[in-house]
Amino acid sequence: MVTARRLFSTSHSSVDSKEMKKFQPLAHKWWDEEGEYSALHSMNDIRVPFIRDTLLSMSSNYHLGSPLSGLKILDVGCGGGLLSEPLGRLGASVTGIDPLEDNIRTADQHKSFDPVLAKRIQYKSSSLEEIVEESMETFDVIVASEVVEHVADLEMFIKCCSQVLKPEGSLFITTINKTQLSYVLGIVVAEKIMGIVPEGTHEWEKFVPPEELERLLESNGFLVKTVNGMLYNPLSGSWSWVESTSVNYAMHAVKSAARGQSNLTEALSEMEKEPSSATAGTAV
């Protein structure tokens, strides 16, 4: 694994400096429920039950009061820990990673207020590739919520997720579709008119159609199980599930039991041919 370690840790950083600069000034504001991340706070009302109920439907074990007990979850692009904490409260053992050290400091400080969470959650300022180095097929679940629209090389990001996920493990993604409507609502209205998120947070060119994401997942050993549309109401500040995936959507995919170590060799081979970066996991 020396070759893998060298390749992942030097030639192919997943960190995009432009994305880092966007989020650096906001690192201390993650837990302000009325601030720049208010929409992510309210998103927990639907994304946490979606993750919880999906995982419970796949398991015969149920721990009263701690339904996710025994599960190891990786929260990629965890930011200040807005999703890591509720998953920890449900009993999971959570590792949150983010390339921005100030985000991790905020997350660590906030979890320290709750002794239970302090034991269940660990945060690391690191890239996804550094987790690949340490954690081949380690996690039962990966969540990447409001992250993939910030990565430069989406396929490499998916490959890295596959490497650290156990066979038959679950991957949960929430992101934004690439449509005219998502441009109007996600950028013009949300950023320029209403200021729901800071202007410049998103680039429409990096939004990901669900068909493209599904194709990438299935070509890398995942089976997509669920695609649900999501809608944010800026007047009420709440999210709801909708049939349409034309703006926001959530996806659940399961890694095939047949994929294994061969994927790492394949990924490393491709990276040696064509250096690229799979960026950033800061959630917004």
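As a convention, each chain's residues are numbered from 1 in the sequence order in which they are written. Predicted model: local features are reported for residues with pLDDT of at least 70 only, side-chain atom pairs are reported and counted for 80 or more only, and whole-chain, interface and lining totals are derived from all residues. Calculated side-chain values reflect all of the structure's heavy atoms, with hydrogen atoms and water omitted.

With that settled, the discussion passes to the overall build of the protein chain. Here a helix means four or more residues in a row that DSSP labels H or I, a strand means two or more in a row labelled E, and each is numbered from the N terminus. Each helix and strand counted, the protein chain has 11 helices and eight strands in total. Accessibility here uses a 1.4 Å probe with only protein chains present; expressed as a share of the type maximum, an area under 20% marks a residue as buried, one over 50% as exposed, and anything in between as partly exposed. Of all 284 residues assigned to the protein chain, the portion counted as buried reaches 55%. Contact definition: two residues touch when any of their heavy atoms are within 4.5 Å. In the protein chain, the share of contacts with a sequence separation of at least 24, taken over all contacts with a separation of at least 6, comes to 75%.

Right, let's talk about the pairing of strand 7 (residues 238–242) for a bit. The criterion for strand pairing is that DSSP finds at least two bridges linking the strands in question. Direction of pairing for strand 6 (residues 222–233) relative to strand 7: antiparallel, over a ladder of five bridges. Directly across from Gly229, in strand 7, lies its bridge partner Val242. Counting the residues that bridge the hairpin from strand 6 to strand 7 gives four residues, and of these Gly237 lies at a positive phi of roughly 70°.

Before going further, it helps to spend a moment on helix 3 (residues 38–57). Taking 1.5 Å per residue as the helical rise, helix 3 with its 20 residues ought to reach 28 Å, and the 29 Å between its terminal C-alpha atoms agrees with that figure. Here the bend at each residue means the angle between axes fitted to two seven-residue stretches, the one ending at that residue and the one beginning there. Within helix 3, the axis deviates most sharply at Asn44, by approximately 40°. One less than the number of residues in a helix, times 1.5 Å, gives the span that helix is expected to have.

What sets the pattern is the α-helix's 3.6 residues per turn: residues three or four places apart point alike. In terms of residue burial, helix 8 (residues 154–164) counts as a mostly covered element, since 10 of its 11 residues are buried. For helix 8, the full list of buried residues reads Leu154, Met156, Phe157, Ile158, Lys159, Cys160, Cys161, Ser162, Gln163 and Val164. Under the rule applied, a polar contact is a pair of N or O atoms within 3.5 Å (in protein, one hydrogen donor and one hydrogen acceptor; residues adjacent in sequence only if both atoms are side-chain atoms). Where helix 8 begins, the side chain of Asp153 points an oxygen toward the backbone nitrogen of Glu155, at a separation of 3.3 Å.

Together, Leu181, Tyr183, Val184 and Leu185 make up a nonpolar patch on the protein surface, roughly 320 Å² of accessible area in all. Tracing the sequence through the fold places Val184 in helix 9 (residues 180–193). Each patch is built from residues lacking any salt bridge and having more than 30% relative accessible area; the joining distance is 9 Å for like charges and 5 Å for nonpolar side chains (Val, Leu, Ile, Met, Phe, Trp, Tyr). Surface exposure here means Shrake-Rupley accessible area, sampled with a 1.4 Å probe, where a residue is shielded only by the protein chains that are shown. Each reported salt bridge corresponds to a side-chain nitrogen of Lys or Arg within 4 Å of a carboxyl oxygen of Asp or Glu.

The subject of this paragraph is the nonpolar core. Counting 38 residues, the largest nonpolar core has Ile73, Leu87 and Val143 as the members making the most contacts within it. When residues of this core are traced back to their parent elements, those giving at least two are helix 2 (17–23), helix 3, helix 5 (101–111), strand 3 (121–125), strand 4 (139–145) and strand 6. Ranked by size, the runner-up nonpolar core spans 31 residues in total, among them Ile131, Leu213, Leu216 and Ala253. Nine residue types can take part in a nonpolar core, namely buried Ala, Val, Leu, Ile, Met, Phe, Trp, Tyr and Cys, and a core is a set of them joined through side-chain atoms within 4.5 Å.

With that settled, the discussion passes to the confidence of the model for the protein chain. For the protein chain, the mean per-residue pLDDT works out to 86, and 85% of the residues sit at or above 70. The predictor reports its confidence for every residue as pLDDT, a score running from 0 up to 100. Here residues 1–11 is a poorly scored stretch, pLDDT under 50, and it has 18 contacts once near neighbours within four places are set aside; other chains count. For the stretch residues 279–284, pLDDT sits under 50, and the model shows 46 contacts to residues farther than four places along the chain or on other chains.

Turning next to the packing of aromatic side chains. To pair, rings of Phe, Tyr and Trp, with the six-membered ring standing in for Trp, must have centres within 6.5 Å; the planes then decide the type, stacked if under 30 degrees apart, edge-to-face if over 60, and tilted in the middle. The final tally for this structure, using the stated rule, is five aromatic pairs. On the numbers, 5.7 Å between centres and 85° between planes, the contact of Phe50 with Phe172 is edge-to-face. In this pair, Phe50 sits in helix 3 while Phe172 sits in strand 5 (residues 165–176), placing the two residues 122 residues apart along the sequence. With relative accessibility at 12%, the residue Phe50 sits in the buried group. Look at Tyr232 and Trp239: their rings are 5.1 Å apart centre to centre, the planes differ by 45°, and that puts the pair in the tilted class. In terms of burial, Tyr232 and Trp239 fall into one category: buried. An aromatic cluster is defined as three or more aromatic residues linked by ring pairs; in this entry it consists of Phe50, Phe172 and Trp241.

Another aspect to go through is the sheet that holds strand 4. Pairing is mixed in the open sheet, where eight strands are placed in the order 3-2-1-4-5-8-6-7. Whereas interior strands pair on both sides, the edge strands pair on one side only; in this sheet they are strand 3 and strand 7. Sheet twist, expressed as the mean angle between neighbouring strand axes with direction ignored, is 20°. Across the sheet, helix 3 lies against strand 4, strand 5, strand 6, strand 7 and strand 8 (248–255), angled at about 40° from strand 7, the strand it touches most. Each axis is a line fitted through C-alpha atoms, and for a helix only the stretch in contact is used; angles between axes span 0 to 180 degrees, taken between their N-to-C directions. Across the sheet, helix 8 lies against strand 1 (72–76), strand 4, strand 5, strand 6 and strand 8, angled at about 145° from strand 5, the strand it touches most.

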